[in-house]
Amino acid sequence: MIILEKRANPSQVWAFATPVLAVVLTMIVGGILFAALGKNPFVTIRTIFLDPLFSEFAWFYRPQLMIKGAPLVLIAIGLSFGFRAGVWNIGAEGQYIMGAIFGAAVGLALYPMELRLIFPAMVITGAFGGFLWAMIPGLLRVKFGTNEILVSLMLVYVAEQLLASMALGAMRNPDGMGFPGSRNLAQYASATSWINESAGMHWGVVTAFIAVIFAYVTLARHMFGFQVRLAGQSPRAAAFAGVNPQRLVLICLGVSGALAGMAGLFEVAGPAGQISIDFNVGYGFTAIIVAFLGRLHPVGILLAGGLMALTYIGGEIAQSNLGLPGAAIQLLQGMLLFFLLAVDVLTNYRIRIGGTA
Amino acid sequence: MDLSSINPILLLASLMVAATPILLAAIGELVVERAGVLNLGVEGMMITGAVCGFVVAVGTGSPWLGFGGAAIGGALLALLFGILTQYLLSNQVATGLALTLFGLGLSALIGQGYIGIKAPSFPDWHIPLLGDIPVIGPIVFQHDPMVYVGLILVAAIWWFLNKTQGGLVLRAVGENHDAAHALGYKVIRVRLLAIMFGGACAGLGGAYLSLVRVPQWTEGMTAGAGWIALAIVVFAGWKPWRLLLGAYLFGGVTVLQLNLQAAGLAIPVEYLSMSPYIATIVVLVIMSSGRAPGSLSRIFHASR
Amino acid sequence: MTLLSLQGLTKAYPGVVANDDVSFDIKKGEIHALLGENGAGKSTLVKTIYGLVNPDAGVMWLENNIFAPAEPRAARAAGVAMVFQHFSLFDALNVAENIALGMESPPPLREVAERVRAVSDQYGLPLDPDRTVGDLSAGERQRVEIIRCLLQDPKLLIMDEPTSVLTPQEVDILFQTLRKLSAEGTSILYISHKLEEIRALCERATVLRMGKVVGGCDPRETSARDMAELMVGSALQVPEKPEKPFGDVALTLAKLSAPAPHQFGTALRDISLSVRRGEILGIGGVAGNGQDELVASLSGEMKVAREMVQMGSEPVGHLPPNARRARGLCAAPEERNGHAAAPDMTLIENALLTGNTRKKLSLRGFVKWDSARDFADEVITQFDVRTPGATSTARSLSGGNLQKFVIGREIMQNPDILVINQPTWGVDAAAAAAIRQAILDLAAGGAAVIVISQDLDELMEISDRFAALNEGRLSDPRPARGLTIEEIGLMLGGAHDLEVAHVDA
């Protein structure tokens, strides 16, 4: 009989080893899946996990890694605070879209004026848009006790509809000959988020790194970080320690909303270029995987964001070179989170294989 | 705009149809939550049910077998959630989300070759006598069988929870798992069964979308229906009969906005399409009452 | 005639032998006491008899048949019933449903309700089967448990610390019920560490220490002191109480009222009191009569009107916890794990939890981890907390050690006012004595102290004045010295809704 026994102190070794183990298990089971789909599992795994970094075309893929990774890391950093505190913002995708809409609106309204301040203003309004969208579930939870998971999620669908109406209506490019989608912001010098397009550098990458450092310092050294962790582990102890739970809910949702909003703006003013019906590709949801895979730790999130970006790019390569269905990559990502949650038990519990007991 | 093109009898009749997938998924989740487990993976189980049901129905030509396949597919996915949360003690919120992401990917993969195919038809029942009653007949008694399966399930779950020993044990496990364990009830077994039942129901709900309501397979076709089912459970205060009310309210908003779209109302389509989601939020805010089961989403670990 | 015979029961957990070769007999119809400190192995032994724990070695005989219940169901079927220390009840379900859950193949609920009425009449334990359990008082909840057991016609009834939640009058009624059961031939295994109770009730006692049987005695003929020494293994120290005049009024509650914070909470009604520097006010009362709410409104977790709580002459009722700490008010709530301390955090982090304000453990919001560690180490040394070090998590500590840490953490902040709920709940005798001494020393140093406890002996030992909390109301405080147990009972609200058992059956 197998018995789980709670450890007195969480295992430090396993805390680091479990994400690695989860990746390995995902590769194994993913390989079996690819074999079942009629692909060579070794080639496929190599294509997804190694080719973007080490193949002869790696010079092309590496910048892509930053482009895909930046929004994931930025959003996941925001989410990690809430997840630690037991505030479940599942609607980052919606906040991401709203940030893009708000920020892009500033740029589009001022077109074709050239002014240094335009891009900073877009970033701020973008962050504000995401913040505002996240405040809806925040205030509803604080005032009425409404479940923030459901509200933030419903707002994703609302945001998607708003995006569609913007792309097809208010924000449609007047010079676009009737095609849906806004003007291209990436080509508008005062509004672009690119720093160096060929190197994959845009302001979102910079912001993501700053966010990681900021989050690290906050969690490790600041009272706010301590309060977040405390509130997540023992809400009553947090109230006893003087943490105001309502304020904490609003701050956590606000921060994650603002970061997601910024991520949306950087994307729409750079890699995506324009407001279109489907400029968003689910980063807001994938970031949830990134946050957990990184164990809600800033450095972990940075690594996990990189890994997830890798599977996106590797997936695209496998799709075009090997004909691997796109859905298989999505499945692989979901599997990764599953395995992580499964092996996490090793961190907090010891497994005993005993006879009687 | 031509509001006269909206036929109130057809509207009410399609309301019942629109509510059915949500109702099926929600009644399953209600049982799961009454057992003290929060499975946020309803969306993932629904979409998996949708594709499994579709594949089986197309393969066999029988919608009934399709529904059976959908229930099994949903239950198997739920079992995965059950193993993780009950044996490996993972966080239920995170695992539920993982289930949804996983289900979306899995269904897209399974459904690759099935895009654009039509499902075998699933004829409506014209219930003799009752179906001939004017007005009421077409609204209530001329639907496909799954509409009635949904209603019967709600009644059966009400009876099970409130009138049987098994239901009492299930409620006890959800209310205080430590006490139930101390009395010698098998907390994990009860919960696993509830989780699988919830998965089967979500699967049926998904299959209803792909086999009856649409009836086609498209990726991501549940479009948040699973989440709305979760919201309705909260709205219903974990009581089966109120679930019916919530599902019909939602069905009503959905059908109405579709009709208004068809009638060419001067509001852009996008704003009408978002109305069911906004309605869900509004309902959650103003109508949520009732007390959640005491052990909901808490991890159970029988210590010494 | 022997009902249950335990022979050589042994159960080891990693790092600790909970039961070591335990053997003793329980006779038919006898009230048998199982005596021991916290951690002596009583719970494990009882769980073994009830089928929740399988022993590593040893056998049990029930009426000359091998008795090895694999699960509680089997134990119940064999005639063993148990009333738990922490009630195994379901708040949201009603009395009849709760009772049906404890029965094998229960009849329809209507019939259960009728049988509940019948049994409650027979034993003088009034109970309405339709009421929701969450709304019941602690005493009533215990009756649910007892009736649940009685409906099974048990041969052996196990009672785990049953009186800790009862008023003295309720204890009397319980004892009459138990004696009546014993007279009818039911054996009772009575677990407690309250020696006077055992002397009043039990015919035989078995004493456990460190998992081993260290002796047996007839409690009616053994002094409490001798039994205590048997239990602890060494002579006990009684805390010293210095005589000193009191100072100014440090804390005043003026008609403190607050609504119940949640569905099954208690509202506070018109509580007025004042505590002077150097004084210890003991507040007794049965659990669930507003203790948690009173502590919360004092600590600042529950905000009330400004004037309702005053420190010196400053109204602080509206202030949050840390503002009150800054002014010198510290508190230690009852629940250690998850309220007074965060179980998964280290002792350093737990030191920071309340120590930040007074010990200045952060600067402009940035935590000074070195200072926090120093503070934690200080508490560990001063209060003799047994732990590998300050980086251990709170939950890795035993209940007594964590309690010492929590109380020490508050006392080391040198508060002017200290509020403690249940200072020695679940703590072994030596640690309890140390905690009481620390409280007395703090008061001697000029702090005003409020101690809330269900242990009346403890309150009588350390309090200067005594008051009782009953359904959210506080009685007028009276000098503790000279109070009789009957007077205390009346202050606690007495057995207002109880009848004495009909001993005519």
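Please read all numbers here as calculations on a predicted model, not as lab measurements.

About the criteria used
- Residues numbered from 1 in each chain as written.
- Chains lettered and ligands numbered in written order.
- Predicted model: local features only at pLDDT ≥ 70, side-chain atom pairs only at ≥ 80, totals over all residues.
- Helix = DSSP H or I, 4+ residues; strand = E, 2+ residues; numbered from the N terminus.
- Rg over C-alpha atoms; globule rule 2.2 N^0.38 Å.
- Buried ≥ 20, exposed ≤ 12 C-beta atoms within 10 Å, placed from the backbone.
- Contact = placed C-beta atoms within 7 Å.
- Right-handed = clockwise from strand over helix to strand, strands pointing away.
- Expected span 1.5 Å × (residues − 1).
- Nonpolar A, V, L, I, M, F, W, Y, C, P; charged D, E, K, R; others polar.
- Arc of directions from axis to C-beta.
- Pairing = 2+ DSSP bridges.
- Axes fitted to C-alpha atoms, helices over the stretch in contact; angles between N-to-C directions.
- Left-handed = near helix turned anticlockwise from the far one by under 90°.
- pLDDT = per-residue confidence, 0-100.
- Parallel < 35°, antiparallel > 145°, perpendicular 65-115°, else oblique.
- Core = buried A, V, L, I, M, F, W, Y, C linked by C-beta atoms within 7 Å.
- Domains from an automatic or database assignment.

1. Focus: the overall build of chain A
When you go through chain A residue by residue, the secondary structure sums to 15 helices and four strands. Taken over C-alpha atoms, the radius of gyration comes to 21 Å for chain A, in line with the 21 Å a tight globule of 357 residues would show. Within chain A, the fraction of its 357 residues that count as buried is 57%. Sequence separation of at least 24 residues holds for 79% of the intrachain contacts in chain A that already meet a minimum separation of 6.

2. Quick look at the overall build of chain B
From N to C terminus, chain B includes 13 helices and zero strands. Its helices and strands taken in sequence order, chain B reads α-α-α-α-α-α-α-α-α-α-α-α-α from the N to the C terminus. Relative to its length of 304 residues, chain B is compact, with a C-alpha radius of gyration of 19 Å against a globular reference of 19 Å. Principal-axis analysis of the C-alpha atoms gives chain B an extent of 70 × 40 × 40 Å. Taking all 304 residues of chain B together, the buried fraction comes to 55%. Put simply, of all contacts in chain B between residues at least 6 apart along the chain, 79% involve residues at least 24 apart.

3. Details of the pairing of strand E19 (residues 417–421) of chain C
All names here are of chain C. In terms of residue burial, E19 counts as a mostly covered element, since five of its five residues are buried. Side chains Ile417, Val419 and Asn421 project from E19 onto one buried face, and the interleaved Leu418 and Ile420 project onto a second face that is buried too. Taking the sense of rotation as the criterion, the β-α-β connection linking E19, helix H14 (residues 429–444) and strand E20 (residues 448–452) turns out right-handed.

4. Quick look at H14(C)
Residue and element names in this part refer to chain C. Under the 1.5 Å per step criterion, the end-to-end length of H14 is 22 Å for 16 residues, consistent within 8% with the ideal 22 Å. All of the buried residues along H14 are Ala431, Ala432, Ala434, Ile435, Arg436, Ala438, Ile439, Leu442 and Ala443. Contact partners of the buried residues in H14: strand E13 (280–284), helix H13 (399–411), E19, E20 and helix H15 (456–462).

5. Some remarks on the interface of chain B and chain C
The interface of chain B with chain C comprises 14 residues on the first partner and 19 residues on the second. Broken down by secondary-structure element, the contributors of at least two residues to the side of chain B that touches chain C are helix H7 (165–175) and helix H8 (177–182) of chain B. Considering each element in turn, the side of chain B that touches chain C owes the most residues, six residues, to H7(B). Here the residues of the side of chain B that touches chain C sort into six nonpolar, four polar and four charged.

6. Thoughts on the interface of chain B and chain A
The partner chain A presents 39 residues to the 38 residues of chain B that form the contact. For the side of chain B that touches chain A, the elements supplying multiple residues, two or more each, are helix H4 (92–110), helix H10 (225–235), helix H12 (269–273) and helix H13 (275–287) of chain B. If you tally residues by element for the side of chain B that touches chain A, the top one is H4(B), at twelve residues. For the side of chain B that touches chain A, the residue count by class is 26 nonpolar, eleven polar and one charged.

7. Considerations on unusual backbone geometry
Looking along the chain, the bond that leaves A:Tyr111 and enters A:Pro112 is cis, with omega of 0°. Positive phi, close to 50°, is recorded for C:Asp270, a residue that is not glycine. Along the chain, C:Asp270 falls in strand E12 (residues 268–276). Of note, C:Glu471 is a non-glycine position whose phi angle comes to about 50°, a positive value. Looking at where C:Glu471 falls in the secondary structure, it is placed in the loop between strand E21 (465–470) and strand E22 (473–474). When the 16 C-beta atoms within 10 Å are taken as the criterion, C:Glu471 is described as partly exposed.

8. Description of helix H4 (residues 109–123) of chain C
All names here are of chain C. Look at H4: 21 Å from first C-alpha to last across 15 residues, which is about the 21 Å you get at 1.5 Å a residue. Taken as a whole, H4 has its buried residues at Val112, Val116, Ser120 and Tyr123. Within H4, the buried residues cover an arc of 75° as seen down the axis, which keeps them to one side. Counted as exposed and oriented over 90 degrees from the buried face of H4: Arg110, Glu111 and Ala118. For H4, the secondary structure elements touched by its buried residues are helix H3 (95–101), helix H5 (138–150) and helix H6 (168–183). Of the residues flanking the end of H4, it is glycine 124, one or two places downstream, whose phi is positive at about 65°.

9. A closer look at the pairing of strand E11 (residues 249–258) of chain C
Pairing between E11(C) and E12(C): six bridges, direction antiparallel. Across the sheet, residue C:Thr252 finds its bridge partner in E12(C), namely C:Ser274.

10. Things to note about the sheet that holds strand E5 (residues 65–66) of chain C
All names here are of chain C. With respect to topology, four strands assemble into an open sheet ordered E2-E1-E4-E5, the strand pairing being antiparallel. Lying at the two open borders of the sheet, with one neighbouring strand each, are strand E2 (16–27) and E5. Across five bridges, strand E1 (residues 2–13) lies against strand E4 (residues 57–62) in antiparallel orientation. Opposite glutamine 7, over in E4, you have valine 59 as the bridge partner.

11. Notes on the environment of B:Ala94
Position of B:Ala94 among the secondary structure elements: in helix H4. Residues B:Ala94 and B:Leu40, 54 residues apart in the sequence, show an inter-C-alpha distance of 8.3 Å. Those residues in contact with B:Ala94 that lie beyond four places of it in its chain are A:Phe292 and A:Leu341.

12. Re the sheet that holds E11(C)
Residue and element names in this part refer to chain C. Taken together, four strands build an open sheet; the order of strands is E12-E11-E14-E15 and the sheet is antiparallel. Each having just a single partner strand, E12 and strand E15 (314–315) make up the two edges of the open sheet. Direction of pairing for E11 relative to strand E14 (residues 309–311): antiparallel, over a ladder of three bridges. Residue leucine 251 lies in a different strand from E14, and its bridge partner there is methionine 311.

13. Description of the packing of helix H7 (residues 148–170) of chain A against H10(B)
Direction vectors running N to C along H7(A) and H10(B) enclose 145°, while the axes themselves pass 10 Å from each other. For the element pair H7(A) and H10(B), the recorded crossing hand is left-handed. On the side of H7(A), the interface is formed by A:Leu150, A:Leu153 and A:Met154, while H10(B) contributes B:Trp227, B:Leu230, B:Ala231 and B:Val234. Taken together, the residues of the contact of H7(A) with H10(B) sort by class into seven nonpolar, no polar and no charged.

14. Structural notes on the environment of C:Thr357
All names here are of chain C. Along the chain, threonine 357 turns up in helix H11 (residues 347–359). Through-space distance from the C-alpha of threonine 357 to that of alanine 448 is 20 Å; in sequence the pair is 91 residues apart. Not counting residues up to four positions away in its chain, the partners in contact with threonine 357 are Asn322, Arg325 and Ala326.

15. Considering the environment of B:Ile110
All names here are of chain B. Turning to its location among the elements, isoleucine 110 is positioned in helix H4. Among the residues examined, isoleucine 110 registers 20 C-beta atoms within 10 Å and is labelled buried. Counting along the chain gives 58 residues from isoleucine 110 to cysteine 52, while the straight-line C-alpha distance between them is 7.9 Å. Look past the residues within four positions of isoleucine 110 in its chain and what remains in contact with it is Val51 and Val55.

16. Things to note about the confidence of the model for chain B
When the pLDDT values of chain B are averaged, the result is 89; 97% of them are 70 or greater. The complex prediction reports pTM at 0.87, with the ipTM value standing at 0.88.

17. As for the packing of helix H4 (residues 58–85) of chain A against helix H13 (residues 298–322) of chain A
Residues and elements named next belong to chain A. At a minimum axis distance of 7 Å, the contact between H4 and H13 shows a crossing angle of 135°. For the element pair H4 / H13, the angle class is oblique. Taken as a pair, H4 and H13 cross one another with a handedness that is right-handed. From H4, Tyr61, Gln64, Leu65, Lys68, Gly69, Leu72, Val73, Ala76, Ile77 and Ser80 reach across to H13, where they touch Pro298, Ile301, Leu302, Gly305, Gly306, Met308, Ala309, Leu310, Tyr312 and Ile313.

18. Here's the deal with the nonpolar core
Counting 382 residues, the largest nonpolar core has A:Ile75, B:Ile232 and C:Ile158 as its most contacted members. There are two domains that each give this core at least three residues, and those are domain 1 (2–232) and domain 2 (249–491) of chain C. Beyond its immediate sequence surroundings of up to four residues, A:Ile75 is in contact with A:Ala92, A:Tyr96, A:Leu259, A:Ala260, A:Ala263, A:Tyr283, A:Gly284 and A:Ala287.

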